Every structure is written in C-alpha cells, then in structure tokens.
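# Structural overview for review
Here's the letter readout for the chains.
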Amino acid sequence: MKSITLHNNFTKELPGDENTSNARRQVYKASYSYAEPLSPSNPSMIITSKDMGKSLGLDNMASEEFLHLMTGKKIVAKSSPYAMCYGGHQFGHWAGQLGDGRAINLGEIKHDGKSWVLQLKGAGPTPYSRGADGLAVLRSSVREFLCSESMFYLGVSTTRALSLALTGDKVLRDVLYDGNPIYEKGAIVCRVSESFIRIGNFELQSARKDLDSLKILADFTIRHFYPNLKGQGKDLYLSFFRAVAARTASMIIDWQRVGFVHGVMNTDNMSILGQTIDYGPYGWLENYDEEWTPNTTDQEHRRYRFGNQGSVALWNLTQLANALYPLIEDVPALEISLDEYRTNYLKDYHKMLNTKIGLTKMKGNDEKLNKDLHDLMIHTQTDMTIFYRQLSLFEVDKPSEHLRLVKDACYIGDVVFNENKEAWLNWLVRYACRLTEESKPEEERRANMNGVNPKYVLRNYMAQLAIEEADKGNYALIHELHDLLKNPYEEQPEMQKWFAMRPSWALNKAACSQLSCSS
Ligand code: AMP
Ligand code: MG
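How each quantity is defined
- Residues numbered from 1 in each chain as written.
- Chains lettered and ligands numbered in written order.
- Predicted model: local features only at pLDDT ≥ 70, side-chain atom pairs only at ≥ 80, totals over all residues.
- Heavy atoms only, no water.
- Helix = DSSP H or I, 4+ residues; strand = E, 2+ residues; numbered from the N terminus.
- Expected span 1.5 Å × (residues − 1).
- Buried < 20%, exposed > 50% of the residue type's maximum accessible area, 1.4 Å probe, protein only.
- Contact = heavy atoms within 4.5 Å.
- Donors = N, O, S within 2.8 Å, 3.2 Å for Na, K, Ca; no water.
- Domains from an automatic or database assignment.
- Buried area = accessible area lost by both parts, 1.4 Å probe.
- Salt bridge = Lys/Arg side-chain N within 4 Å of Asp/Glu carboxyl O.
- Polar contact = N/O pair within 3.5 Å; in protein donor to acceptor, adjacent residues only side chain to side chain.
- Nonpolar A, V, L, I, M, F, W, Y, C, P; charged D, E, K, R; others polar.
- Pairing = 2+ DSSP bridges.
- Phe/Tyr/Trp six-rings, centres within 6.5 Å; stacked < 30°, edge-to-face > 60°.

### Examining helix H6 (residues 211–225)
Quick reminder: α-helices carry 3.6 residues per turn. Residues three or four places apart thus point the same way. Its 15 residues give H6 an end-to-end C-alpha distance of 21 Å, which sits within 8% of 21 Å, the value for a rise of 1.5 Å per residue. If you check which residues of H6 are buried, you get Ser213, Leu214, Leu217, Ala218, Phe220, Thr221, Ile222 and Phe225. The inward-facing, buried residues of H6 contact helix H1 (9–13), helix H5 (199–207), helix H7 (233–258) and helix H8 (309–328).

Pasting the structure below:
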C-alpha cells in the first residue's frame, strides 16, 4: 500500500490543549487535546467500504498496514491524533464539557481536491472519557458501519464509514442496565467526514465566554466548510448560521422521507455540516408512527420521536444561535433566521411528502391528503417502506384494486383492516382524482416515486441478525446487507426477501425495536 500522508489543518489552525497527558479533565481555551489510540491485542478486519476508500485514494485496503492504521495499532508517521473538545445539551439540559470520549481523530487525507478527516471510534480513552472506557463493542459498531453507509447511498447527508474491525479485546457492558455486565467483543469503526465539528463545539466555548476560541473556531469552520459565504464580520457569521440551518433542515427532511429516527439528537450529536452523525440507538420506522423512538432512555418524554425531529432541530439551532450570539450581537436577525428555518422546513417537508406520493405540484388540499394518509397508516399500522414503494404501482382507474396491496402492508389483523377498508378506499379515490389532475405519464410518476421511496432500508431486525452472526464470527450477512443497501432504490429481485414486513419475532425482541445508549 502506498503510505498514507495525513494532514493536520485542525490541530494547526485551532488552539490546542497544552497538557498532553491522557488524564480526564476540563480542558479550557482549546479545541482539542492530543490522544493516542490504545494498541489492540489482535486486530482483524471485518469489512471495508471500497467506495469510500476510492474517494480517499486508498488502493489496498486488504493490507496489514491498513488494518493497523484502522485499529490504532500503528500511527501514520508525523501525524498527531487528537480528541475534540465540545459540550452539549443532552435531552434539553446543558451538560457542560463532553468531548470525544471514545473517538480519536487521526488527521486529514487530501484527495481529488477534497479533505477528509479519519476518526477511530472506540480506540481508547481520551481526556474527555469521563467515567467511561473509550471503547466500542461489535454490535454498536456493526450498526454504525451499516447504517451510515446505507444513509449515504440513500442520498442522506451523513458521516461515512471506511472500515469495521475487531480489536481482539473484550469490553465490559451492562447492555440491559440491570447490574449484570457481560464481556463483548471490542470493535473500531473508522469514520470519515470533511469535519466532525458539532453544534456543541461552539456551545462550549461560548458558555465559557472564551470568545477568542469561539471566533477562531467559527472562522476555521467557515473558511474550510462554508467557503462560498459572502460578507464580513457579523454579517458573515449570520450567513454561516443561516447556512447551517438550511443544511440541517434538508438533512431532517431526508430522515422523514426514509423513516429514520436518530434517537439522541443532543446538540453534541448535531454536525455543523448538517450531516447525520453518531449512530447510537437509532431506528427505522416499520409501522408508520410519529410517536415512535427507538431509544429506551427516552421512552417517557419521547423528545426524540420521529414526528418531533424537525422541532428538535429547531431547538438545537436555537442553542447554536445563542452560542454564536457574541459574534453576531443581533437578536432580531437571529430570530428572523430561526423563523426562516421554521417556514422553509415546513414548506420543504410538505413538498417532500408530495414527492413520496408522486405529486410534483403543491395544491391547496395536499397537506390534508398527506395528513389523512398518515392518520390511516397510524391507525392500521402500515409499514412505511412497503406502503410507499408499492404506491408507485397504483393505477388511477382502479383505486379499489390497490386495497389488497395496502392490506398486505399492514401489521393489524383482518378485523381492524376491514373496519378501515372504507376509509382506505376513500383515500385511494381522492388520491386517484388528485393524480388525474396532474396528468403526468404513469411511467414518469413511477420512476419519480421509486427515486424517493427506497425499496430497501436497514430494518432494525436486519441489523440485529447481522450482529448475531458477526458475534459468532460469520460476516457474510454484513457483506450481504452492505451490498444490498448500496442500491436502495433499485429493484434487486434476488434480494426480495429483504423487502418484507418485520417478522413477528422481532416485535418485542431487545435491540430489534428498542435500544439503549449503552454501547
Ligand atoms: P453519545 O450519546 O454516544 O453521543 O455520547 C455522549 C458523550 O459520552 C460523548 O462525549 C461521548 O464521547 C461519551 N461517551 C460515550 N460512550 C463512551 C465510552 N464508552 N467511553 C468514553 N466516552 C464515551
Ligand atoms: Mg455523541
């Protein structure tokens, strides 16, 4: 393998922690601390992302050298790995300093005019690890690898995954929080993004009134990741805020489009680039349910439920506005920008819903049409992915014939379905009328719909099956799902078994419907 050269823009251009020990501590006046990965005892590669590797110009990901780099066994010459310093609001409460407690950034690869940060998740403790070990287990790493890859191919803005490897070491975890910890296999995902800066990086500097570090961080972020913004001083910072809000809105709308629930939208888990980041207790909607959250820690208040993600993003952006305030000092302008987010979000959200049902123009009653559809889907527990995908087969002159396909996508039994049959038929007839108004050729409508309604998503039970196999040392299913999810909008007849309703055994099985943060 051609040896990798890593660059250090982040550490060169931002203030660093002068203390180089790994002791856990509060870190002031700095954006990062140096931190070396632990050396794993017996690393082995499970899977790599060839496409990601290509984007990085990596030619041989099968080599031992690559394995050692991806697991922290060896550090690239002249690089200086570091952990980032950030804070955050967790479940609505200010948590103070958090930081990369189990992520170590190796540095940046420059390729084809782009710069990418490589980050090892689970490579050992850092000054930000607080009471925890800095490690990650196989199950959460499989989930992160597969889901971040799948999101990329779905066209949802996300951090990427380059590799998933075992460390050969054991990690102690209390999965069920019942005081019975067990040893699990340790693993490391190498994540990749242009930057892992979060809203929380700005919040921490601002909360500490460290305005010098705040300004340096904002200037760095704008210079490297928002280079097209115009203006100077306060105007530039305001444009930056608005650009972050716009990217965040578009990411959340994509989540709503594909049925993804992040599960822990704390401000430390919100990327400043509007990318999906930190795949923890996330989940995919099976039966359409706006109240659903996969996160067991959030069962009571359901702050991060599917139907609340747009509002939570607004709340998070409000924290970013507060954090940037010292650089902007214009409350009305920030309030207008937040209003703009709210208005644009709603407008684009409704537009997106229309594309899911194959409508290209917005008409007065379309919001109601979509709302009534969702009410029906909730009531009859309709599988979101299957329903929308099958809707492209709808024939305008035969609305009642579509009833069978709807029924096959519902988790409730015949009796409840029959009680709602009339209501469904009514909706299908209204839908047929609306399609007739648009008079788009059927073929075109189908192609459009199949381009926004995925056929294959990483259902919760699919990830769990891959994890159980991987735990036994069999990685075939991880590879199969990775391949499948590279083309989520394509028909893949040989993979039809993954275009199926959630099996009944998965409904109440731990990790198939609900997850904790413990990983
Ligand atoms: P999360 O909810 O996974 O985004 O984590 C919240 C905070 O806890 C972040 O600062 C993480 O770095 C830290 N953290 C989570 N798990 C661990 C771990 N096993 N060891 C050290 N820090 C952790
Ligand atoms: Mg996090």
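Moving on from the model shown.
### What to know about the coordination of the magnesium ion (ligand 2)
Taken together, the protein donors to the magnesium ion (ligand 2) comprise Asn269 (OD1) and Asp278 (OD), at separations of 1.9 to 2.2 Å. In terms of burial, Asn269 and Asp278 fall into one category: buried.

### A word on the domain arrangement of the protein
Split by domain assignment, the protein resolves into domain 1 (9–196) and domain 2 (200–355). Centre-to-centre, using C-alpha coordinates, domain 1 lies 22 Å away from domain 2. Contact residues are listed per partner, giving 42 residues for domain 1 and 42 residues for domain 2. For the pair domain 1 and domain 2, the summed buried surface comes to about 3500 Å²; carbon and sulfur atoms form 55% of the total. When residues of domain 1 are sorted by the area they lose upon contact with domain 2, His89, Phe91 and Arg143 head the list and together hold 19% of the total. Between the two partners, domain 1 and domain 2, sit three salt bridges. On the surface where domain 1 and domain 2 come into contact, there are 22 residue pairs in polar contact (both at pLDDT 80 or more). Those elements giving two or more residues to the side of domain 1 that touches domain 2 turn out to be H1, strand E4 (87–90), strand E5 (93–97), helix H4 (138–154) and strand E9 (182–193). Residue contributions to the side of domain 1 that touches domain 2 peak at seven residues, all from H4. Considering only residue class, the side of domain 1 that touches domain 2 consists of 17 nonpolar, 18 polar and seven charged.

### Some words on the pairing of strand E6 (residues 103–111)
Burial analysis of E6 places seven of its nine residues in the buried class, which makes it a mostly covered element. Where E6 and strand E7 (residues 114–121) come together, eight bridges link them in antiparallel fashion. Residue pairing in the sheet places Gly107 in a bridge with Leu118 of E7. What sits between the antiparallel neighbours E6 and E7 is a turn of two residues, in which Asp112 has the positive phi angle 50 degrees.

### A look at the packing of aromatic side chains
Here the distance between the centres and the angle between the planes together describe a pair of aromatic rings. Counted by the stated rule, this structure contains 24 aromatic pairs. Aromatic pair Phe387 and Trp424: ring centres 5.5 Å apart, planes at 45 degrees, arrangement tilted. With Phe387 in helix H11 (residues 384–391) and Trp424 in helix H14 (residues 421–438), the pair connects residues that are 37 residues apart, well separated along the chain. Residues Phe387 and Trp424 agree in their burial class; the two are buried. Aromatic ring contacts, followed pair by pair, group Phe10, Tyr32, Tyr34, Tyr82, Phe220 and Phe225 into a single cluster.

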